[in-house]
2 protein chains.
Amino acid sequence: MGSWDDKMSGNGTLYVVGLGPGERRLMTPAALAALARTPVVVGYGKYLDQIDDLLVGKKVIRSGMGAEVERCRRALAAAAAGSDVGVVCSGDPGIFAMAGLLYELRDREAVFAGVEIEVVPGLSAVFAAAAALGSPLTNGCVILSLSDLLTPTAVIVKNLEAAALSELACALYNPAGKKRRELLQQALAIFVRQRGPEVPAALLKNVSRRDEERWLGPLADFPAERVDMNSLIIIGNATSVISRGNLYDRRGYREKYFPEN
Amino acid sequence: MGSWDDKMSGNGTLYVVGLGPGERRLMTPAALAALARTPVVVGYGKYLDQIDDLLVGKKVIRSGMGAEVERCRRALAAAAAGSDVGVVCSGDPGIFAMAGLLYELRDREAVFAGVEIEVVPGLSAVFAAAAALGSPLTNGCVILSLSDLLTPTAVIVKNLEAAALSELACALYNPAGKKRRELLQQALAIFVRQRGPEVPAALLKNVSRRDEERWLGPLADFPAERVDMNSLIIIGNATSVISRGNLYDRRGYREKYFPEN
């Protein structure tokens, strides 16, 4: 149905494709199928490098960090000109990535109005990190980014305060850059104040890669100086346990499961 | 390395495998590989049915809803007896699923101490739902379950209040059962009060299946009576937009992206 309409309109379909956390074994068949279908692929260079074997014979449009609007406009323009187009994103395209901006630009710029957008979800990095650690998000979670490039600092702090008030585990993306360290300190302080210094926490770097590094321990001892651009932080809650190199949340009432205790 | 140690210890490895939201095209190669490796597979009947073509020649241990502890003990026992075992979970095994409980039982029951546990992450249903809707989790999210089977109602309400205080989108799993409707009403009231009646919201049923149903609109009009066990709810925020059948969050400063306005 869609494809005939597309042909009539002269527009291609724009697939926003989640590549997952990096390993090919965590990339879905749906993502591979979308890339097989698109003669034009648009993305940030680092993510394109990750799938260079899938790009043979395609028109590849690379763009640099920070060039998100330009990247999305070029992808929408190629689709408006009649080509099916893939925009690749790390992890899931719907979290801290390009999908939202593509919808926004389609709504704002009449020339793109005929483009169909289809989001192909992917595994966001924090779920690979959580699996590598054990099961720290068992009872739900708050996922937020400490990058203040696109979000006012006051909103990030408000979200951190709200997250800390809950009893949910919290996953922090983009926790710090070379110069951007202050929000990380603030985040740690908020959680220490709200959940106590002994609440379990984890730092994961380069998840599922050879050079993976991890730290597990009480939040008060968190090694903030080791946090870099490739880091993810998970802060636990009252049900979290560190044991045998794993971090996990206990699930529900222990009274219910283990009435003998 | 691990496999030799495993053989020495006489224990098998227990893989906790995320099947994703249901469609095979959203199941990762890692999950397929883990299932190919395990002669024993344990799970809730409905999830096993979903992968019956992958279970040929295997010992399959089915268990019913609510039998989570028994299911996990049987899986750990099979691994302790020397077999590699797969425990299948819908979505991601680390969110509202079995991974946490398996770690907990291994720590509690000495007979399971030698079992290696490996979590194979999967795409949780909300990310397929979000992709189908557009991009409603662009700026991060709170993921929580309204099931009070394993979590005290007071904790769920506390988490809802905290989530509503943030500016993050909120995804509600297990929003209601046939008799369990009260927390859903409470959740909607909390968000209406905190974010206003006009905040965009979505109801998704049977995501990515033939009988998928969706509703999009202002939270005040939310059709609570249509919510069932197969429903997911997403509640937006001040940046959320409903347009052309999609729900998405605007990404960051519009001022930054579109200075012309």
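Bear in mind the structure is a predicted one, so any value in this text is a computation, not a measurement.

**Q** Go over helix α7 (residues 153-165) of chain A, please, and point to the residues and values.
**A** Here α7 of chain A spans 19 Å end to end across 13 residues, near enough to the 18 Å set by a 1.5 Å rise per residue. Taken together, the buried positions of α7 of chain A are Val-155, Ile-156, Val-157, Asn-159, Leu-160, Ala-162, Ala-163 and Ala-164 of chain A. Looking at the buried side of α7 of chain A, the elements it contacts are β7 (141-145), β8 (169-173) and α8 (182-195) of chain A together with α7 (153-165) of chain B.

**Q** Give me the lowdown on the interface of chain A and chain B, citing residues and values where you can.
**A** Tallying the contact residues gives 74 residues for chain A and 73 residues for chain B. Between chain A and chain B the total buried area reaches about 6,500 Å² when both faces are included, carbon and sulfur atoms providing 57% of it. The element contributing the most residues to the side of chain A that touches chain B is helix α5 (residues 99-108) of chain A, with nine residues. Tallied by class, residues from the side of chain A that touches chain B come to 38 nonpolar, 16 polar and 20 charged. Direction of pairing for β7 of chain A relative to strand β7 (residues 141-145) of chain B: antiparallel, over a ladder of three bridges. Bridge pairing in β7 of chain B links Val-142 of chain A to Val-142 of chain B.

**Q** Can you explain the domain arrangement of chain A? Please cite residues and give values.
**A** All names here are of chain A. Splitting chain A by domain gives domain 1 (2-123) and domain 2 (126-249). Using only C-alpha atoms to locate each centre, domain 1 and domain 2 end up separated by 30 Å. Between domain 1 and domain 2, the residue contacts involve eight residues of the former and nine residues of the latter. Roughly 610 Å² is buried in total at the junction of domain 1 and domain 2, and carbon and sulfur atoms are behind 74% of that figure. Our count for the domain 1 to domain 2 interface comes out at zero salt bridges. Put simply, domain 1 and domain 2 have zero residue pairs in polar contact (both at pLDDT 80 or more) between them.

**Q** Describe in detail the sheet that holds strand β3 (residues 59-63) of chain A, supporting the description with residues and values.
**A** Residue and element names in this part refer to chain A. Taken in spatial order, the five strands make up an open sheet running β3-β2-β4-β1-β5, and their pairing is parallel. Only two strands of the sheet have a single partner each, and these edge strands are β3 and β5 (116-120). Across the sheet, the mean angle separating the axes of adjacent strands is 20 degrees when strand polarity is ignored. Alignment of strand β2 (residues 40-44) against β3, held across five bridges, turns out to be parallel. From the neighbouring strand, Tyr-44 faces β3, where its bridge partner is Ser-63. Contacting β1 (13-18), β2, β3, β4 (85-89) and β5, helix α4 (residues 68-80) crosses the sheet at an angle of about 175 degrees to β2.

**Q** Please provide a residue-by-residue account of the packing of α7 of chain A against α7 of chain B, values included.
**A** The geometry of α7 of chain A relative to α7 of chain B is characterised by a closest axis approach of 8 Å and an angle of 180 degrees between their N-to-C directions. When the interaxial angle is binned, α7 of chain A and α7 of chain B end up roughly antiparallel. Between α7 of chain A and α7 of chain B, the residues in contact are Lys-158, Ala-162 and Leu-165 of chain A and Lys-158, Ala-162 and Leu-165 of chain B, respectively. In the contact of α7 of chain A with α7 of chain B, the residues fall into four nonpolar, no polar and two charged.

**Q** Outline helix α8 (residues 182-195) of chain B, supporting the account with residue identities and numerical values.
**A** All names here are of chain B. Compared with the 20 Å implied by 1.5 Å per residue over 14 residues, the 20 Å span of α8 between its first and last C-alpha is a close match. Buried within α8 are the following residues: Leu-183, Leu-184, Ala-187, Leu-188, Ile-190, Phe-191 and Arg-195. Each buried residue of α8 lies within a common arc of 160 degrees when the element is viewed along its axis, so the set occupies one face. Residues of α8 that are exposed and point over 90 degrees away from its buried face: Glu-182 and Arg-193. Of the surrounding secondary structure, the elements contacted by the buried residues of α8 are α7, β8 (169-173) and β11 (231-235). At the exit of α8 stands Gly-196, carrying a positive phi of roughly 90 degrees.

**Q** Account for the packing of α7 of chain A against α8 of chain A, with residues named and values stated.
**A** Helices that pack against each other are described as a pair by the angle of their axes relative to one another and the distance between those axes. Residue and element names in this part refer to chain A. Packing of α7 against α8 leaves a shortest axis separation of 9 Å and a crossing angle of 25 degrees. Viewed along their axes, α7 and α8 adopt a mutual orientation that is roughly parallel. In terms of crossing hand, the pair formed by α7 and α8 is right-handed. Contact with α7, carried on its side by Thr-153, Ile-156, Val-157, Leu-160, Glu-161, Ala-163, Ala-164 and Leu-165, involves Leu-183, Gln-186, Ala-187, Ile-190, Phe-191, Arg-193, Gln-194 and Arg-195 of α8 and no other residues of that element. In the contact of α7 with α8, the residues fall into 10 nonpolar, three polar and three charged.

**Q** Please provide a residue-by-residue account of the side chain of Asn-11 of chain B, values included.
**A** Looking at the secondary structure, you find Asn-11 of chain B in the loop between α1 (2-9) and β1 (13-18). For Asn-11 of chain B, the side chain forms a polar contact with the main-chain oxygen of Gly-114 of chain B, separated by 3.2 Å.

**Q** Now, about the environment of Val-87 of chain A: what can you tell me, with residues and values included?
**A** Residue and element names in this part refer to chain A. One can find Val-87 in strand β4. The sequence separation of Val-87 and Arg-37 amounts to 50 residues, and the corresponding C-alpha distance is 12 Å. Among all residues touching Val-87, those that are not within four sequence positions of it are Leu-14, Tyr-15, Val-16, Val-17, Val-42, Ala-75, Met-98 and Leu-102.

**Q** Any chance you could break down the relation of the copies chain A and chain B for me, citing the residues and the numbers?
**A** With an RMSD of 0.0 Å, the operation that places chain A on chain B is a rotation of 180 degrees combined with a shift of 0.0 Å along the axis. Overall, the copies show the geometry of a two-fold rotation axis. Here 99% of the contact residues of chain A are again contact residues in chain B; the copies associate through an equivalent surface.

**Q** Would you mind going over unusual backbone geometry in detail, with residue names and values included?
**A** All names here are of chain B. Although it is not a glycine, Phe-96 sits at a positive phi angle of roughly 55 degrees. Mapped onto the fold, Phe-96 is located in the loop between β4 (85-89) and α5 (99-108). Taking relative accessible area as the criterion, Phe-96 reaches 19% and is therefore assigned buried. Positive phi is not limited to glycine here, since Arg-244 has a value of about 50 degrees. Summarising the element assignment, Arg-244 is placed in the loop between β12 (240-243) and β13 (246-249). Note on Arg-244: relative accessible area 45%, which makes it partly exposed.

About the cut-offs
- Residues numbered from 1 in each chain as written.
- Chains lettered and ligands numbered in written order.
- Predicted model: local features only at pLDDT ≥ 70, side-chain atom pairs only at ≥ 80, totals over all residues.
- Heavy atoms only, no water.
- Helix = DSSP H or I, 4+ residues; strand = E, 2+ residues; numbered from the N terminus.
- Expected span 1.5 Å × (residues − 1).
- Buried < 20%, exposed > 50% of the residue type's maximum accessible area, 1.4 Å probe, protein only.
- Contact = heavy atoms within 4.5 Å.
- Buried area = accessible area lost by both parts, 1.4 Å probe.
- Nonpolar A, V, L, I, M, F, W, Y, C, P; charged D, E, K, R; others polar.
- Pairing = 2+ DSSP bridges.
- Domains from an automatic or database assignment.
- Salt bridge = Lys/Arg side-chain N within 4 Å of Asp/Glu carboxyl O.
- Polar contact = N/O pair within 3.5 Å; in protein donor to acceptor, adjacent residues only side chain to side chain.
- Axes fitted to C-alpha atoms, helices over the stretch in contact; angles between N-to-C directions.
- Parallel < 35°, antiparallel > 145°, perpendicular 65-115°, else oblique.
- Arc of directions from axis to C-beta.
- Left-handed = near helix turned anticlockwise from the far one by under 90°.
- Least-squares fit on C-alpha atoms with pLDDT ≥ 70 in both.

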